[in-house]
Amino acid sequence: LARLIDVPLVIADATCLTQAGYVGEDVESILFKLYLESGQDLDRCQRGIVYIDEMDKIRKSGGNVSISRDVSGEGVQHALLKIVEGNVINVPKEPGRKNPR
């Protein structure tokens, strides 16, 4: 589909996603990959497709949250929801750096 309508495509695995600030891939890094895939063209990037595999694996942890942090559950859900709602998302200039572009 992406080739047919000439838009960039990024495929990500939801099981690798963590909240920003924790070890792992955060939601903003998916958008950074889309930006690179678009040839760093912001207009093309805004029309691109993000496919997130294993989305059903992201869930809020049950039980006692004080024992272990929920770094791959509710926080990731909120970050993804911001994208779906069409909010403006700050994306780092380079992978692994937190200086938004």
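Novice: Looking at this structure, I do not really get helix α4 (residues 74-84). What am I missing?
Specialist: Owing to its 3.6 residues per turn, the α-helix aligns residues three or four sequence positions apart on the same side. All of the buried residues along α4 are G75, V76, A79 and L80. Seen from one end, α4 has its buried residues packed into an arc of 130°, which puts them on one side. In the core, the buried residues of α4 are packed alongside α2 (27-37) and β2 (49-53).

Novice: I would appreciate a short explanation of α2 in the present structure.
Specialist: Of all the residues in α2, the buried ones are V27, S29, I30, L31, F32, L34 and Y35. Close packing links the buried residues of α2 with β1 (9-13), α3 (42-46), β2 and α4. After α2 finishes, the residue G39 shows a positive phi value of roughly 75°.

Novice: Just to check I follow, could you spell out the pairing of β1 for this structure?
Specialist: The two faces of a sheet get side chains in turn, since along a regular strand they alternate between them. The alternating pattern of β1 places V10 and A12 on a buried face, while none of L9, I11 and D13, on the opposite face, is buried. In this sheet, β2 lies alongside β1 in parallel orientation, the contact comprising five bridges. The residue of β2 that forms the bridge with L9 is I49.

Reading the values: rules and limits
Residues numbered from 1 in each chain as written. Predicted model: local features only at pLDDT ≥ 70, side-chain atom pairs only at ≥ 80, totals over all residues. Heavy atoms only, no water. Buried < 20%, exposed > 50% of the residue type's maximum accessible area, 1.4 Å probe, protein only. Helix = DSSP H or I, 4+ residues; strand = E, 2+ residues; numbered from the N terminus. Arc of directions from axis to C-beta. Contact = heavy atoms within 4.5 Å. Pairing = 2+ DSSP bridges.

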